[in-house]
Amino acid sequence: MELENAKTIIKKAAEKLNLSQEKLNIILNTERETKVNFPVKMDDDSTKIFTGYRIQHNSLLGPYKGGIRYHPQVDLNEVSALATWMTIKTATVGLPLGGGKGGVICNPKELSDKELENITRAFIKKITPVIGPQQDIPAPDVYTNAKIMDIIVDEYSKQTSTPIEEARAVVTGKSIENGGSLGRDTATARGGQFVLQKAIEQTQIISTLKNATIIIQGIGNAGSNFAKLISEDNSKIIAISDSKNAIYNQEGLDIKSVLEHKKQNGNLQDIPNTTTITNQELLELECDILVPAALANQITEKNAEQIKAKIILELANGPTTPEADKILESKNILILPDILANAGGVTVSYYEWYQNINKESWTAEEVDKKLKEKMFNATQEILNKKTKHQTSTRIAAYINAIERLAQKIN
Ligand code: GLU
């Protein structure tokens with residue numbers, strides 16, 4: 001389903017550009033699909049077979065780039081869509097990178113640290129032939145983090161007999177001690193904040209972020225960091241959720257204590273001054289800005305009509321289906337699409353890779369300044385395209401990307 005959704009939007013944007021069918025086919029198709037099955041030693045001494053994918057969608061603009069997710073629902077269709085979105089995302093913001101994505105079917109919540117390490121090593125061992133600092137550079141995604149990226153460096157270094165120093169550029173989102181970039185952990189959220197700031201300044205849909213009411217679905221890396229950043233801007237987060245619970249307070253949640261509770265207890269249950277609501281209720285609450293920051297297909301034709309936000313900032317990949325898009329558009333809701341809104345992550349990944357390759361080390365301020373400029377420019381460019389082509393922000397962003405990709409096709 002996700003892959004069809006991705007292709008639908010690419011086709012729509014291509015139509016606006018009068019792109020030839022030959023060029024469109026090149027952009028639609030995946031260059032390489034790798035599926036691997038591998039044995040992993042579990043804590044109880046048993047051996048289990050796991051399945052993983054690395055999908056390399058397109059390398060017209062540079063080496064494949066994109067995260068690896070660990071989730072029970074990973075499948076070929078989803079990873080292919082995510083890889084496609086990476087191609088469009090890196091092109092949208094003008095990075096010299098292509099698009100790829102990986103995933104392992106597993107449930108990290110039921111695995112020990114040792115088992116996760118074993119899965120990571122076994123997976124990387126299998127995909128080593130297709131990744132590399134100039135070929136394909138993975139990164140974190142859903143339920144993967146800096147610790148796992150550090151293990152990837154170590155395993156890749158062993159498999160290729162490359163010194164750690166050289167091997168580091170094979171992956172981004174590493175810990176700082178292991179060659180990670182300052183600002184990478186908060187980059188997706190920070191990038192989203194810049195996109196939002198620019199879009200509000202340009203469209204005046206709401207007058208200011210101060211006191212704006214915000215709803216965040218998801219409290220992973222993107223959602224929790226965004227909550228932190230935006231509450232420092234004095235916005236009012238009235239609802240937030242994790243994969244099990246959603247909580248609400250019309251006066252604004254005390255985000256510091258909510259995040260602390262989540263860290264201590266691993267859930268959003270029994271937090272003082274909050275009301276528990278359903279995930280559906282969370283999406284449909286009255287608010288200024290709705291931020292889906294969890295998984296794909298959350299806003300669909302079934303609930304789009306009930307969405308009351310003025311702006312949707314897509315920190316997740318693929319949270320809105322094309323059918324929902326149409327409904328939201330007719331309601332004049334401004335959608336800041338995933339390929340722009342969450343591109344801060346891959347942008348700082350590019351900075352990290354660049355620093356590794358060139359043996360540089362940038363300050364947090366430098367990273368933030370570059371990210372701001374990148375996200376402001378991309379947002380402005382897309383809003384200009386939206387006006388020029390009289391289309392939605394999503395199609396405008398795809399147009400931006402497809403123009404860059406098409407230029408590289410002879
Ligand atoms: N997983 C992130 C995304 O979907 C980051 C990818 C990267 O940094 O390569 O954009």
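About the thresholds
Once a new chain begins, its residue numbering starts again from 1 and follows that chain's sequence as written. For a predicted model such as this one, the threshold for reporting local features is a pLDDT of at least 70, and the threshold for listing and counting side-chain atom pairs is 80 or more; totals across whole chains, interfaces and linings nevertheless cover every residue. By convention in this description, side-chain values take in all heavy atoms of the structure and omit both hydrogens and water. Only DSSP runs of H or I with at least four residues qualify as helices, and only runs of E with at least two residues qualify as strands; both kinds are numbered from the N terminus onward. The contact criterion used is simple: two residues touch if any of their non-hydrogen atoms lie within 4.5 Å. Being paired, for any two strands, means DSSP has found at least two bridges between them. Convention adopted: a line fitted to C-alpha atoms gives each axis, helices being fitted over their contacting stretch, and angles between N-to-C directions are expressed from 0 to 180 degrees. Nearness is defined per residue: one heavy atom within 4 Å of the molecule or strand is enough. In protein, a polar contact means a hydrogen-donor-capable atom and an acceptor-capable atom, both N or O and within 3.5 Å, with residues adjacent in sequence counting only if both atoms are side-chain atoms; elsewhere, any N or O pair within 3.5 Å suffices. Using a 1.4 Å probe, accessible areas were evaluated by the Shrake-Rupley method; residue-level cover was limited to the displayed protein chains. Amino acids are sorted into nonpolar (Ala, Val, Leu, Ile, Met, Phe, Trp, Tyr, Cys and Pro), charged (Asp, Glu, Lys and Arg) and polar (every other residue, Gly among them). Note on definitions: salt bridges are taken to be side-chain nitrogens of Lys or Arg within 4 Å of carboxyl oxygens of Asp or Glu. We call a residue buried when its accessible area falls under 20% of the maximum for its residue type, exposed when it is over 50%, and partly exposed in between, using a 1.4 Å probe and counting protein chains only.

Asker: Quick rundown of the side chain of Arg 168? Include the residues and the values.
Answerer: Following the sequence through the fold, Arg 168 ends up in the loop between helix 6 (164-167) and helix 7 (187-203). Aside from chain neighbours lying at most four places away, what touches Arg 168 is Val 153, Lys 174, Glu 177, Asn 178, Gly 179 and Asn 356.

Asker: Summarise the sheet that holds strand 1 (residues 32-41); cite the residues concerned and give the values.
Answerer: The strand order 1-2-4-3-5 describes an open sheet built from five strands, whose pairing is mixed. Each having just a single partner strand, strand 1 and strand 5 (136-140) make up the two edges of the open sheet. This sheet shows a mean twist of 25 degrees between the axes of neighbouring strands, independent of strand direction. Strand direction decides the pairing type here: strand 3 (residues 64-71) and strand 4 (residues 99-105), joined by four bridges, are parallel. If you follow Ile 68 over to strand 4, its bridge partner there is Gly 102. Contacting strand 1, strand 2 (47-58), strand 3 and strand 4, helix 4 (residues 113-127) runs over the sheet at an angle of about 140 degrees to strand 1.

Asker: Can you break down the site of the ligand residue by residue, with the values?
Answerer: Around the ligand, the surrounding shell holds 14 residues, and the nearest of these are Lys 65, Lys 89, Pro 140, Asp 141 and Ser 349. Here Asp 141 contributes a side-chain N or O atom positioned 2.7 Å from a nitrogen atom of the ligand. Bound to the protein, the ligand loses 95% of the 300 Å² it would expose on its own. Of all the elements in the fold, those that place two or more residues in the shell around the ligand are strand 3, helix 3 (76-92), strand 5 and helix 13 (344-357). A class-by-class count of the residues in the shell around the ligand yields four nonpolar, five polar and five charged.

Asker: Explain the sheet that holds strand 6 (residues 213-217) to me, using residue names and the numbers behind them.
Answerer: Pairing within the open sheet is mixed, and its seven strands lie in the order 9-8-7-6-10-11-12. Looking at the sheet topology across the chains shown, the edges are occupied by strand 9 (275-277) and strand 12 (334-336). Pairwise comparison of adjacent strand axes, ignoring direction, gives a mean angle of 20 degrees for this sheet. Pairing of strand 6 with strand 7 (residues 236-241) involves five bridges; the strand directions are parallel. Residue Gln 217 lies in a different strand from strand 7, and its bridge partner there is Ser 241.

Asker: With reference to specific residues and values, describe the pattern of salt bridges.
Answerer: Tallying each qualifying case throughout the model produces 20 salt bridges. One salt bridge in this structure joins Glu 314 and Arg 394, with 2.9 Å as the shortest N-O distance. Of this pair, Glu 314 sits in the loop between strand 11 (311-313) and helix 11 (322-330) while Arg 394 sits in helix 15 (residues 393-407), and the two are 80 residues apart along the sequence. Judged by its relative accessible area of 0%, Glu 314 falls in the buried class. Arg 394 sits in the buried class, given a relative accessible area of 6%. Notably, a salt bridge pairs Arg 394 with Asp 325, separated by 2.6 Å at the nearest N-O pair. Placement of Arg 394 in helix 15 and of Asp 325 in helix 11 is noted, with a sequence separation of 69 residues between them. Look at Asp 325 and you get buried, because its relative accessible area is 8%. Here the salt bridges do not stand alone but share partners, grouping Glu 117, Arg 121, Asp 154, Glu 155 and Lys 158 into one network.

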